[in-house]
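Spelled out from the first residue to the last, the chains are:
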Amino acid sequence: MRCIPSPRLSFDTASLVLLAVVSTTAVAADVQATQAASSIGAAANAIAPAKVAWPYVNTGLPRDPQLEQLLDQILARMTLGQKVAQMIQPEIGYLSLAQMRKYGFGSYLNGGNTAPYGKKRAPVSVWLKYADEMYEASVDASQDGSRIPAIWGTDAMHGHSNVFGATLFPHNIGLGAARDPELIHRIGVATAKEVAATGIEWSFAPTVAVVRDDRWGRTYESYSEDPAIVQAYAGQMVSGLQGTLAQDFLQGAGRIATAKHFVGDGGTEKGVDRGDTLIDEQGLRDIHAAGYKTAIAAGVQSVMVSFNSWNGKRLHGHQYLLTDVLKTQMGFDGFVVSDWNGHTFVEGCDLTQCAGAINAGVDVLMVPEHFEAFYHNTIRQVEQGLIPQSRIDDAVRRFLRAKIRWGLLQRGKPSSRAESQQTEFNSDAHKALAREAVRKSLVLLKNNQQLLPLSPKSRILVAGDGADNIAKQAGGWSVSWQGTDNSNADFPNATSVYQGIRQQVEAAGGKVELAVDGDYQHKPDVAVVVIGENPYAEWFGDIQQLAYQQGDKQDLALLRKLKQQGIPVVTVFLSGRPLWVNPELNASDAFVAAWLPGSEGQGVADVLLRDAKGKVQYDFHGKLSFSWPRSDQQFVLNHGDTAYDPLFAYGYGLTYLDRNELPLLPEQSAATATQQQNTDGQIPLFLRNLAPGLAFALTDSSGSAVTVTTPFGVSTDGKSLTMQSVNLSYQEDARQLRWDAAQSAKASLRFRKAAAAKDYVAAKVLRLNIRLDQQVPANLQLAVLCDAAGLCQRQLSLSETLATFNPGVWQLLEVALDCAAQPALTQQLQDAVVFSASGRLSLAVADVVLADNNVATDAKVIKLGCAPAQARLQPAALKPTAFWSRPPAR
Ligand code: BGC
């Protein structure tokens, strides 16, 4: 029998209530709540799913009468406004201390791209300082009457991975290959300590998705395609992060953990992020919910809702799954948090309101940007009876229960807590643990003629663009959300694969040469070539088929170049999923799937190299937790399939004792040309993210441009124009432009290479979403490239049109490009679309596309005048390039 310690309730209840809430406003006087079911809530229940029995998970956590009584007392004293504030979670890129003071929000987050004070490289002390400031603002009762502290949530996805200098463990896909639940527990403990050092209370991890289609861009966040591995790991990671129920549950450095994303995130059709998971209820339970069983049993305090739908219905509005299944049948007594603006997917909801999600069972709403409007609208919806008061009370009770279990009311401000003062952030012990995890995650797929292990006394060439590239080996969710735009300097104390090899080889008396392109000075005995996928996160990583570097086989060329010179080749493949790499396997003598190993690249050298005396240091240990495809069309390939025919089966992984010789494999890709064609007639310029080959450029009157390809905020040198990420439908899918000076400044979508003509010629309209945030001055100009590759530009004034827009409301705008017969400019233009203005103005743009047709019925269509500019360039001067090519079809 387990001995469960009672959560710390050794305080004087009455005084704590007073500490927590000072408002004397009675709840009853504050709201006229009715129990009437809302029409939105009724709609949410319209689709009756088939019912199967879900397992009741007994955590052994006592329903502590003292805690429940305390919650009764706190709730009875809280106003509706205080309760709603507890339920709303703003993001620090948008939330000010003043707003926290005013509303007393229950929690806040930093998204994958946000660090305190906008400082990507902020040290731990700065995170802690920020945590203190937010804490102080949240307990300041002068305006909202509440002293309940806020908690901070962050995506500690593979270590405290958003923080500069943190230990980065391998992404989950690599941990799955390690087949070591105890290792997962230790990683959870170490991660919690690093999170605690920054004063943050809550981690949005672990992801317990069971990925069934490897085209999904989040495949690497999953431990396995096999529910058994996910189930074995989820509870271990939760108890590592939170503490173990029978010992140190939610004590010391233990952080509140989150099992996400409930449920079916890894099962969407075609692996489309935020798509639809088509499966019967038994499959949903047995495959996709496997991790929740052990996570709940380990006492996980929060569950994050998934963006996906289940058989056509969005999870964020799914009362049956969130309330009936998760909370009632499975017995989850923690709180449910929504994903980033995930409520907007629910029928009847938008960025600023969503009774449907709350009624379905969401307790805390991640509303990064529009939290003020959401707060007021939610209060109104309760007052109108659209959200029952009982639902609000239940949500707040659940959230406060977790906060109190964690000891929030007694722990004091973040920097005063003992666990914030420990010195284990990126400690040697944590680095050694991450290095161990790297060693255990490596899977040996090919080792012909036993090329591996290598002698450290030999002459080794290290090549490939992943060789000395920590950003690439860390992948997405590493210092930045997408993991792009990072250099080795963004990972202090980390080691690249090359650095690890060099250190050991030089110590043993061998020679190492780094040549990314393989052009060595001294002919080597062997080449270690580190290649693979570039970083991505979420839908940015969705792909249509599984061939590696399709249409751009540069790494294959590198491997073949070395092989043709008689140099034995070891390929170290960095990737967030299994990919079809038959040609690369053929061009390698040995091939290692290294996944996304994180900050400790020397773990690769530990396994690839013998020691100086010739002994194997560490044998390969990793076994595939995902089936490896035989063809680039084997998207849905999972252990247990009826016609299972992988190249390397689930569980495969050679060791140094094996003598397998992999024969040459067929190299014919099955991908058809039609897959490269766009089906919806759109060419994206900035659709959720910049199209390849484009950047934003901000230019002020001095003429010098600041170019940016990331969602980070940026200003011109003179600060006359500032750009910041905002949200329309997706995370950071829009940009807000703020002009703030008398001189004119412009923001453009700028080509990084020359533009190709054909798509512009085909396009009929430029379409974009636009939101006016502040008064339009008379001189807002839009200029659009309207002809072959930068030879013609049309300008129009937007001031008059935008003057008719409602401020703060997104509106679709179409600009016709029918000026083909017009003369054009003398030199090729750099910019596809330009907004220029002076004075004070703020507007946001999103979803900028070129389209063949005008389909949007409610769009304001502006026809460009076709006033001539200057003389036309000779067509011969044009050099079309491929970057305009239409995106592959879904
Ligand atoms: C992701 C979540 C993450 C959240 C906050 C979302 O886009 O789906 O996994 O926790 O952002 O960063």
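No experiment lies behind these values; they were computed from the predicted model shown.

S.K.: Please explain the nonpolar core as it appears in this structure.
M.R.: One broad rule of soluble globular proteins: the nonpolar side chains tend to lie buried together. Counting residues in hydrophobic clusters, the biggest one holds 114 residues, and the most contacted among them are Y108, F262, Y292, V300 and L321. When neighbours within four sequence positions are excluded, Y108 is seen to be in contact with Q89, P90, I92, L95, M100, Y130, A131, M134, A150, I151, W152 and G153. The next biggest cluster of nonpolar side chains, apart from the first, holds 48 residues, and it includes L445, A463, W481 and I531.

S.K.: Sorry if this is basic, but what is going on with the packing of aromatic side chains here?
M.R.: We describe a pair of aromatic rings using the distance from one ring centre to the other and the angle between the two ring planes. In this structure the tally under the stated criterion is 25 aromatic pairs. Pairing W202 with F335 gives two aromatic rings, centres 5.1 Å apart and planes at 80°, and the pair type is edge-to-face. Of this pair, W202 sits in strand β4 (residues 202-203) while F335 sits in strand β10 (residues 335-337); the two residues are 133 residues apart in sequence, bridging distant segments of the chain. Using a relative accessible area of 0% as the deciding quantity, one classes W202 as buried. Residue F335 is classed as buried on the basis of its relative accessible area, which comes to 0%. Taking 5.4 Å as the distance between ring centres and 80° as the angle between the ring planes, the aromatic pair formed by F620 and Y656 counts as edge-to-face. Of this pair, F620 sits in the loop between α23 (602-608) and β18 (682-687) while Y656 is found in the loop between α23 and β18, placing the two residues 36 residues apart along the sequence. A relative accessible area of 4% places F620 in the buried class. Counting every residue linked through ring pairs, the aromatic cluster contains Y108, Y117, W127, Y130 and W152. Over the face of the ring belonging to F307 we find R274, whose NZ or CZ atom lies 3.6 Å from the ring centre. For R411, the ring lying beneath its charged end belongs to W406, and the centroid distance is 3.7 Å.

S.K.: Help me understand the packing of helix α5 (residues 80-87) against helix α15 (residues 371-383), please; the structure alone is not making it clear to me.
M.R.: Each packed pair of helices is defined by two parameters, the angle between the axes and the distance between the axes. For the pair α5 and α15, interaxial distance at closest approach is 10 Å and the crossing angle is 125°. Comparing their axes, α15 and α5 come out oblique. Considering the relative orientation of α5 and α15, their crossing is right-handed. Contacts between α5 and α15 pair L80, G81, V84 and A85 from the former with Y375, T378, I379, V382 and E383 from the latter. Its residues assigned to classes, the contact of α5 with α15 shows six nonpolar, two polar and one charged.

S.K.: What's the story with the sheet that holds strand β9 (residues 313-314) in this structure? I'm lost.
M.R.: What links the strands of a sheet is backbone hydrogen bonding, and the strands pair in either a parallel or an antiparallel sense. Across the sheet, which stays open at both edges, the three strands sit in the order β6-β8-β9 with mixed pairing between neighbours. The strands lining the two open edges of the sheet, one partner per strand, are β6 (276-277) and β9. Inspection of the sheet shows strand β8 (residues 309-310) paired to β9 by two bridges, in the antiparallel sense. Within β9, the residue paired with W310 across the bridge is K313.

S.K.: Hey, could you run me through the pattern of salt bridges in this one?
M.R.: Opposite charge on two side chains permits pairing when their charged atoms draw close. Under the defined criterion, the tally for this structure stands at 43 salt bridges. Note that R411 and E419 form a salt bridge whose closest N and O atoms lie 2.8 Å from each other. Across the pair, E419 and R411 agree in class, each one buried. The partner of E533 in a salt bridge is R577, and the shortest N-O contact between them spans 3.1 Å. Here R577 lies in the loop between β16 (569-574) and α22 (582-586) and E533 lies in the loop between β15 (526-532) and α21 (554-564), a separation of 44 residues in the sequence. Take E533: its relative accessible area is 12%, and that puts it in the buried class. Through salt bridges with shared partners, a single network forms among D180, E182, R186, E436 and K440.

S.K.: Quick question: what am I supposed to make of the site of the ligand here?
M.R.: In the region of the ligand, 15 residues are neighbours, and D155, R218, D339, E538 and Q731 sit closest. Taking K260, its side chain carries an N or O atom lying 2.9 Å from an oxygen atom of the ligand. With respect to the ligand, the side chain of E538 contributes an N or O atom lying 2.7 Å from an oxygen atom. In isolation the ligand offers 310 Å² of accessible surface; the protein chains occlude 100% of this area. Class assignment for the residues of the shell around the ligand results in seven nonpolar, two polar and six charged.

S.K.: I'm lost on the side chain of D64 in this one. Help?
M.R.: Within the element layout of this structure, D64 appears in the loop between α3 (39-44) and α4 (65-77). One polar contact links the side chain of D64 to the main-chain amide nitrogen of Q66, over a distance of 2.8 Å.

S.K.: Looking at this structure, I do not really get the packing of helix α9 (residues 181-197) against helix α10 (residues 227-242). What am I missing?
M.R.: Two numbers describe how α9 lies on α10: the axes approach to 7 Å, and their chain directions differ by 30°. In this view, α9 runs roughly parallel relative to α10, as classed from their interaxial angle. Where α9 crosses over α10, the handedness of that crossing is right-handed. Where α9 approaches α10, its residues P181, I184, H185, I187, G188, V189, T191 and A192 are matched on the opposing element by A232, Y233, Q236, M237, S239, G240 and L241.

S.K.: Is there a simple way to explain the pairing of β16 in this structure?
M.R.: Judged by how many residues are buried, β16 sits mostly within the fold: six of six residues are covered. With burial as the criterion, each face of β16 is covered, one bearing V569, T571 and F573 and the other bearing V570, V572 and L574. When β15 meets β16, the two strands line up parallel, connected through six bridges. Paired with V530 across the bridge in β16 is V572. Crossover handedness for the path β15 to α21 to β16: right-handed. Note: β16 against strand β17 (residues 590-593), four bridges, orientation parallel. By the bridge assignment, V572 is partnered in β17 with V592.

S.K.: Looking at this structure, I do not really get the sheet that holds β16. What am I missing?
M.R.: With respect to topology, six strands assemble into an open sheet ordered β12-β17-β16-β15-β13-β14, the strand pairing being mixed. Here the strands that pair on one side only, and so sit at the sheet edges, are β12 (443-447) and β14 (511-514). Adjacent strand axes in the sheet meet at a mean angle of 15° when their direction is disregarded. In terms of strand pairing, strand β13 (residues 459-463) meets β14 through four bridges, oriented parallel. The partner of I460 across the bridge, within β14, is V512.

S.K.: In this structure, what is going on with the pairing of β15? I would like to understand it.
M.R.: Consecutive side chains along a regular strand alternate between the two faces of the sheet. A large share of β15 lies buried, amounting to seven of its seven residues. As judged from the four bridges shared by β13 and β15, these two strands associate in the parallel manner. Looking at the pairing, V462 lines up with V528 of β15.

S.K.: Looking at this structure, I do not really get the environment of Q775. What am I missing?
M.R.: With respect to the element layout, Q775 can be found in the loop between β25 (765-774) and β26 (781-785). When its relative accessible area of 62% is taken as the criterion, Q775 is described as exposed. It is 8.0 Å that separates the C-alpha atoms of Q775 and A803, two residues lying 28 residues apart in sequence. In this structure, Q775 is in contact with R840 and L841, ignoring residues within four places of it in sequence.

S.K.: Can you help me understand the state of the cysteines in this one?
M.R.: A covalent bond bridging the sulfur atoms of two cysteines is what the word disulfide describes. In total, this model carries one disulfide according to the counting rule given. With its sulfur 2.2 Å from that of its partner, C349 forms a disulfide with C354. Judged by the sign of its S-S torsion, about 65°, the bond between C349 and C354 is right-handed. Accessibility assignment for this pair places C349 and C354 in one class, buried.

Rules of the game
- Residues numbered from 1 in each chain as written.
- Predicted model: local features only at pLDDT ≥ 70, side-chain atom pairs only at ≥ 80, totals over all residues.
- Heavy atoms only, no water.
- Core = buried A, V, L, I, M, F, W, Y, C linked by side-chain atoms within 4.5 Å.
- Buried < 20%, exposed > 50% of the residue type's maximum accessible area, 1.4 Å probe, protein only.
- Contact = heavy atoms within 4.5 Å.
- Phe/Tyr/Trp six-rings, centres within 6.5 Å; stacked < 30°, edge-to-face > 60°.
- Helix = DSSP H or I, 4+ residues; strand = E, 2+ residues; numbered from the N terminus.
- Lys NZ or Arg CZ within 6 Å of the ring centre and 35° of its normal.
- Axes fitted to C-alpha atoms, helices over the stretch in contact; angles between N-to-C directions.
- Parallel < 35°, antiparallel > 145°, perpendicular 65-115°, else oblique.
- Left-handed = near helix turned anticlockwise from the far one by under 90°.
- Nonpolar A, V, L, I, M, F, W, Y, C, P; charged D, E, K, R; others polar.
- Pairing = 2+ DSSP bridges.
- Salt bridge = Lys/Arg side-chain N within 4 Å of Asp/Glu carboxyl O.
- Near = heavy atom within 4 Å.
- Polar contact = N/O pair within 3.5 Å; in protein donor to acceptor, adjacent residues only side chain to side chain.
- Areas by Shrake-Rupley, 256 points an atom, 1.4 Å probe, with all protein chains shown as cover.
- Right-handed = clockwise from strand over helix to strand, strands pointing away.
- Disulfide = S-S within 2.5 Å.

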